[in-house]
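# Commentary on secondary and tertiary structure
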Amino acid sequence: MSQKPANAPWRNFYGRRKGHALRDSQEAYLAEDLARLSPGAVDWDVNPERNALDLKALFGGRPVWLEVGFGGGEHLVHQAATNPDVGIIGAEPYINGVAMLLGKIRAAGVTNLAVHPGDVRDLFDVLPDASVARAFLLYPDPWPKARHHRRRFVTPEHLQPLARVMQPGAIFRVATDIPDYVRQTLEEVPPAGFDLLGESGVAWDDWIPTRYEQKALREGRVPHYVTFRRRD
Ligand SMILES: C[S@@+](CC[C@H](N)C(=O)[O-])C[C@H]1O[C@@H](n2cnc3c(N)ncnc32)[C@H](O)[C@@H]1O
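Since the structure is predicted, the reported quantities are computational estimates derived from the model, not experimental observations.

### Considering the overall build of the chain
Within the chain, the regular secondary structure consists of 8 helices and 7 strands. Scaling as 2.2 N^0.38, a compact globule of 232 residues should have a C-alpha radius of gyration of about 17 Å, and the chain matches this with 17 Å. Structurally, the chain occupies a C-alpha span of about 40 × 40 × 35 Å along its principal axes. Counting over 232 residues, the chain shows a buried share of 37%.

And the structure:
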């Protein structure tokens, strides 16, 4: 974990950064692959000035997509593999998930991916304005208790910087299995600068179920898929 300099804002993070011990192979993926997959200087200790990333150098001018909290990375790798003309950045602070993603990247042989193994809010700081053509928020942490709803991603603290980095007309997809999360999403995303395009129980055409969705389905919960468009 990097040390933040004194000018870094305090950002509460309530999730897990580490789970069970990593396998040796996963430790090797982290040691060998992570630096090469970096989107550039994101962390505060290496970029205290918060200089913007050079996305052209990263992806050669391809459209840039972003997945927030990619978990084990199945959707991220699927999108990268099926959209070679796009560059995709994934952010995920849970290091076990990052290690799982790296294994999948090796297996799929995809090269149009970058990984920020940390909080997406640090990535937002250094993404240029209107630089992201599509964003995915798939099964964000539900925080079911009412007193914890302000920890959800769909709050202005996250949505305002997301809106800043998205291009006018860019698509923002949210999947969740929690009806109250749908409610808060429909309430909070439009005022941040997005129009609702659709809400459905049927997944997008290019969808693959994430690990979290598979668990939700096994436990009898019902997925909702919500699509927004960044306002011009
Ligand atoms: C319920 S899991 C879902 C994971 C995956 N999208 C899936 O569907 O299987 C939510 C994920 O969001 C990640 N997350 C929470 N806060 C985050 C943040 N500030 N930046 C990036 N990821 C975050 C968590 O670490 C966790 O892996």
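Here the narrative resumes.
### Section: the sheet that holds strand S3 (residues 113–116)
Sheet architecture is open: 7 strands sit in the order S3-S2-S1-S4-S5-S7-S6, paired in mixed fashion. The open sheet is flanked by S3 and strand S6 (194–200), the only strands paired with a single partner. In this sheet, neighbouring strand axes are inclined to one another by 15° on average, regardless of whether the strands run parallel or antiparallel. In this sheet, S3 lies alongside strand S2 (residues 87–91) in parallel orientation, the contact comprising 4 bridges. Paired with Gly90 across the strands is Val115, a residue of S3.

### Focus: the UniProt feature "binding site: S-adenosyl-L-methionine" (unreviewed entry) in the chain
Per the UniProt record, "binding site: S-adenosyl-L-methionine" (unreviewed entry) is found at Glu67, Glu92, Asp119 and Asp141. The largest pairwise C-alpha distance within this set of annotated residues, which runs over 75 residues, is 14.1 Å, so the set is compact in three dimensions. Examined against the element boundaries, Glu92 turns out to sit in the loop between S2 and helix H4 (95–108). Residue classification places Glu92 among the buried residues on the basis of 26 C-beta atoms within 10 Å. Among all residues touching Glu92, those that are not within four sequence positions of it are Gly69, Phe70, Gly71, Gly97, Val98 and Pro117. Of note, Asp119 is situated in the loop between S3 and helix H5 (120–126). Judged by the 21 C-beta atoms lying within 10 Å of it, Asp119 is buried. Leave out the neighbours within four places in its chain, and Asp119 touches Arg11, Phe13 and Pro93.

### Comments concerning the nonpolar core
Formed by 54 residues in total, the largest nonpolar core has its most connected members in Val68, Leu101, Val132, Ala135 and Met166. For this core, the element with the most residues is H4, which contributes 6 residues. Those residues in contact with Val68 that lie beyond four places of it in its chain are Ala91, Val120, Ala135, Phe136, Leu137 and Phe153.

### Let's talk about the site of the ligand
Every one of the 21 residues lining the ligand counts as a neighbour, but Gly69, Gly71, Tyr139, Thr210 and Tyr212 are closest to it. Put simply, the parts of the chain that give the shell around the ligand at least two residues each are H5 and helix H8 (211–218). Broken down by element, the shell around the ligand gets its largest block of residues, 3 residues, from H8. Across the shell around the ligand, the residue classes break down as 10 nonpolar, 5 polar and 6 charged.

### Re the UniProt feature "binding site: substrate" (unreviewed entry) in the chain
The positions UniProt marks with the feature "binding site: substrate" (unreviewed entry) are Lys145, Asp177, Thr210, Arg211, Tyr212 and Glu213. These annotated residues cover 69 residues of sequence, and their C-alpha atoms reach 23.7 Å apart at the extreme, placing them across more than a single site. Structurally, the position occupied by Arg211 is in helix H8. According to the C-beta neighbour criterion, Arg211 is partly exposed, with 15 such atoms within 10 Å. Setting aside its immediate chain neighbours within four residues, Arg211 contacts Gly71, Gly72 and Glu74.

### Overview of the packing of helix H3 (residues 74–82) against H4
Here H3 crosses H4 at 25°, and the two axes come no closer than 9 Å. The pairing of H3 with H4 is recorded here as roughly parallel in orientation. As H3 runs across H4, the sense of the crossing is right-handed. Residues Glu74, Leu76, Val77 and Ala81 of H3 form the contact with H4, whose participating residues are Leu101, Lys104, Ile105 and Ala108. Of the residues contributing to the contact of H3 with H4, the split by class is 6 nonpolar, no polar and 2 charged.

Cut-offs applied
- Residues numbered from 1 in each chain as written.
- Predicted model: local features only at pLDDT ≥ 70, side-chain atom pairs only at ≥ 80, totals over all residues.
- Helix = DSSP H or I, 4+ residues; strand = E, 2+ residues; numbered from the N terminus.
- Rg over C-alpha atoms; globule rule 2.2 N^0.38 Å.
- Buried ≥ 20, exposed ≤ 12 C-beta atoms within 10 Å, placed from the backbone.
- Pairing = 2+ DSSP bridges.
- Axes fitted to C-alpha atoms, helices over the stretch in contact; angles between N-to-C directions.
- UniProt positions renumbered as here; feature names shortened; annotations may be inferred.
- Contact = placed C-beta atoms within 7 Å.
- Core = buried A, V, L, I, M, F, W, Y, C linked by C-beta atoms within 7 Å.
- Near = placed C-beta within 6 Å.
- Nonpolar A, V, L, I, M, F, W, Y, C, P; charged D, E, K, R; others polar.
- Parallel < 35°, antiparallel > 145°, perpendicular 65-115°, else oblique.
- Left-handed = near helix turned anticlockwise from the far one by under 90°.

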